[in-house]
Amino acid sequence: MELLPVRRRPIGAIRSESEGQERLTDARNGVVLVNAAIWAHPWDLLDEGPESAFERLLNLGITKVNLATTMHSVQTLNPHNPERKTFFADASAYFQPDADRYGSIEPDPNETMGEEDWCHRVATAADEIGITLASWLVPFHSSKQGRRHPEATIESPFGDSLVWGLCPSNPRVQRYGEALVADVATGRGFDGVEMELADYQYGTGYGWHHQEFFTDLGDLGELLFGLCFCEHCLSNARAAGVDVDAARKAAKTGLEARFDGAIAADTDVGGWLTEHPELRTYAEVRRDTLAELFESFANTIAPEPFTYYLKMGGLGDDRMSVEHSWKHGLDLERLSEFVNDVTVLAYHSDPTVVRDDVRTTDSLVDAPVTAGILAGHPIVDSYDQLESQVSAAVSAGASELSFYGYGVVPERNLEWIGTALESVA
Ligand SMILES: [Zn+2]
């Protein structure tokens, strides 16, 4: 099989509209290609046979796979899996961790995997076939870790442990993240590390099973409910001169006002924070903490590329864009110093919103932007929908497209991806 080229972008390349377009394409045998990747869970690939899956992907014009190595809890529906049609996974790791690297928080190898190392099997096949393989890590969004280490979770203004999220301010959590990054980046055959939700997340987080939230928290309530008041966040804020008691009181008072309907669900977050400067500064301190942590991640991953995912709001939520990243504690300007690229998860049915996501990200982050496109229901239910999104992302200057996801969309959707990539070649 003729293998497709995988082109590395230079770190810190100067970008312009025209250069962005140029980076999108690559010539091989006279064919112009769009850089395209796809997310995959290990069972998506191993049940079919990774060689077969990779050959299928290459034929579709996809040269890179972002493989889940540490993931949140999930149930997937697998329409074209020859072995199973659904898979239940607790938050877990899909490799056998190097135990010596870790402190008190360690990865949980997936129970179904047993003594095997699924990532190793996939990486071996990727190397043989010539697919670029990135390690896709979701390090801190783990309800299993949160239940096991409740003292290391994000703590609501009221003192509740939010078990879906480990707090990035906690030194034990930081050490876990650093060990995890070093573990996957060393000798496991990955060509880069892509990271999601290694930040403060917010409010309702990204899900717990069967949540019963029958109060509309609104953007402000989501922010306030997820602001962490663990001892480490308090300590960092105190060191920055914040009156943490005043900040905490403001967060609680704001939430109680929302519960009672005394303030509206669509209260302007920025305006409200201006009236509560202690809390605004409290939230801002988190950006320094994350910037230092991410710099450490980047140094460990180098010389392989470090990619961070920007994701705001729930699936198909058109209200939130990357402009709201600060609510996760992310400082995009500083993030630009450490990442090789970012992926904006532009999961919107309306292609103009996909376009705006890419453009906005490009304006806020000084790094190449990959557009993440969800190639299945409820975002994409027809070829035309997918093509319009691909076209919008490419014309907005995305340097790469990444599709969700190999095993969780029907085969016809995979064919749509191949056809859509041809349409923009
Ligand atoms: Zn905290």
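What counts, and at which threshold
Residues numbered from 1 in each chain as written. Predicted model: local features only at pLDDT ≥ 70, side-chain atom pairs only at ≥ 80, totals over all residues. Heavy atoms only, no water. Phe/Tyr/Trp six-rings, centres within 6.5 Å; stacked < 30°, edge-to-face > 60°. Helix = DSSP H or I, 4+ residues; strand = E, 2+ residues; numbered from the N terminus. Buried < 20%, exposed > 50% of the residue type's maximum accessible area, 1.4 Å probe, protein only. Lys NZ or Arg CZ within 6 Å of the ring centre and 35° of its normal. Pairing = 2+ DSSP bridges. pLDDT = per-residue confidence, 0-100. Contact = heavy atoms within 4.5 Å. Axes fitted to C-alpha atoms, helices over the stretch in contact; angles between N-to-C directions. Parallel < 35°, antiparallel > 145°, perpendicular 65-115°, else oblique. Nonpolar A, V, L, I, M, F, W, Y, C, P; charged D, E, K, R; others polar. Donors = N, O, S within 2.8 Å, 3.2 Å for Na, K, Ca; no water. Tetrahedral: all angles 85-135°; square planar, octahedral: opposite > 155°, others 65-115°. Core = buried A, V, L, I, M, F, W, Y, C linked by side-chain atoms within 4.5 Å.

Asker: Explain the packing of aromatic side chains to me, please; I cannot follow it from the model alone.
Answerer: Each aromatic ring pair is summarised here by two numbers: the centre-to-centre distance and the angle between the ring planes. This structure, assessed with the given rule, holds 15 aromatic pairs. Between Phe213 and Phe225, the aromatic rings sit 6.5 Å apart at their centres with planes inclined by 80°, giving edge-to-face as the arrangement. With Phe213 in the loop between strand S11 (193-195) and helix H7 (218-226) and Phe225 in helix H7, the pair connects residues that are twelve residues apart, well separated along the chain. Summarising the aromatic geometry, the rings of Phe229 and Tyr282 are spaced 4.5 Å apart at their centres and angled 10° between planes, so their arrangement reads as stacked. You can see Phe229 sitting in the loop between H7 and helix H8 (231-239) and its partner Tyr282 sitting in helix H11 (residues 277-301), a full 53 residues away along the chain. Residue classification places Phe229 among the buried residues on the basis of a relative accessible area of 1%. Following the ring pairs from residue to residue traces out a cluster consisting of Trp39, Trp136, Tyr309 and Tyr404. Note that Arg286 overlies the ring of Tyr200, its terminal NZ or CZ placed 5.0 Å from the centroid.

Asker: I'm lost on the pairing of strand S6 (residues 86-89) in this one. Help?
Answerer: If a strand is regular, its side chains alternate between the two faces of the sheet. Going residue by residue along S6, you find Phe87 and Ala89 tucked away on one face and Thr86 and Phe88 left uncovered on the opposite face. Sheet topology note: the strand S5 (residues 74-77)/S6 ladder contains four bridges and is antiparallel. Residue pairing for S6: Val74 is matched across the bridge by Ala89.

Asker: Hey, could you run me through the confidence of the model for the protein chain in this one?
Answerer: Regions with low pLDDT carry predicted coordinates that are not meant to be interpreted in detail. For the protein chain, per-residue confidence averages 90 on the pLDDT scale, and 90% of positions sit at 70 or higher. Per-residue pLDDT stays below 50 along residues 1-32; that stretch engages in 62 contacts with residues further than four places along the chain or on separate chains.

Asker: Hey, could you run me through the packing of H8 against H11 in this one?
Answerer: Taken N-terminus to C-terminus, the directions of H8 and H11 make an angle of 100°; their axes are 9 Å apart at the nearest point. On the basis of their axis angle, the class for H8 and H11 is roughly perpendicular. Residues Cys233, Leu234, Asn236 and Ala237 of H8 form the contact with H11, whose participating residues are Tyr282, Val285 and Thr289. Residues that form the contact of H8 with H11 fall into these classes: five nonpolar, two polar and no charged.

Asker: Would you mind showing me how to read the coordination of the zinc ion here?
Answerer: The zinc ion binds to the protein through Cys167 (SG), Cys228 (SG), Cys230 (SG) and Cys233 (SG), with metal-donor distances spanning 2.2 to 2.3 Å. Each of the four donor atoms bound to the zinc ion contributes to angles spanning 99 to 115°, and the resulting shape is tetrahedral. Read from N- to C-terminus, the donor residues coordinating the zinc ion fall into the pattern C-x60-C-x1-C-x2-C. With relative accessibility at 1%, the residue Cys228 sits in the buried group.

Asker: Looking at this structure, I do not really get unusual backbone geometry. What am I missing?
Answerer: With the exception of glycine, the majority of residues adopt a negative phi angle, and the majority of peptide bonds are in the trans configuration. That bond from Ala302 to Pro303 is cis: its omega, 10°, falls within 30 degrees of zero. With respect to the secondary-structure elements, Pro303 resides in the loop between H11 and strand S12 (306-310). Cis rather than trans, the peptide bond between Tyr404 and Gly405 has omega equal to -20°. By the element assignment, Gly405 lies in the loop between strand S15 (400-404) and helix H15 (411-424). Despite not being glycine, Leu197 has its phi angle at roughly 55°, a positive value. Counting through the fold element by element, Leu197 comes out in the loop between S11 and H7.

Asker: Help me out: how do you make sense of the nonpolar core in this one?
Answerer: Membership of the largest hydrophobic core comes to 137 residues, with the highest contact counts inside it found for Leu279, Tyr282, Phe294, Leu401 and Phe403. If we skip the residues at most four places from it in the chain, Leu401 touches Val34, Asn35, Ala36, Ala37, Thr370, Ala371, Ile373, Val390, Ala393, Val394 and Leu421.

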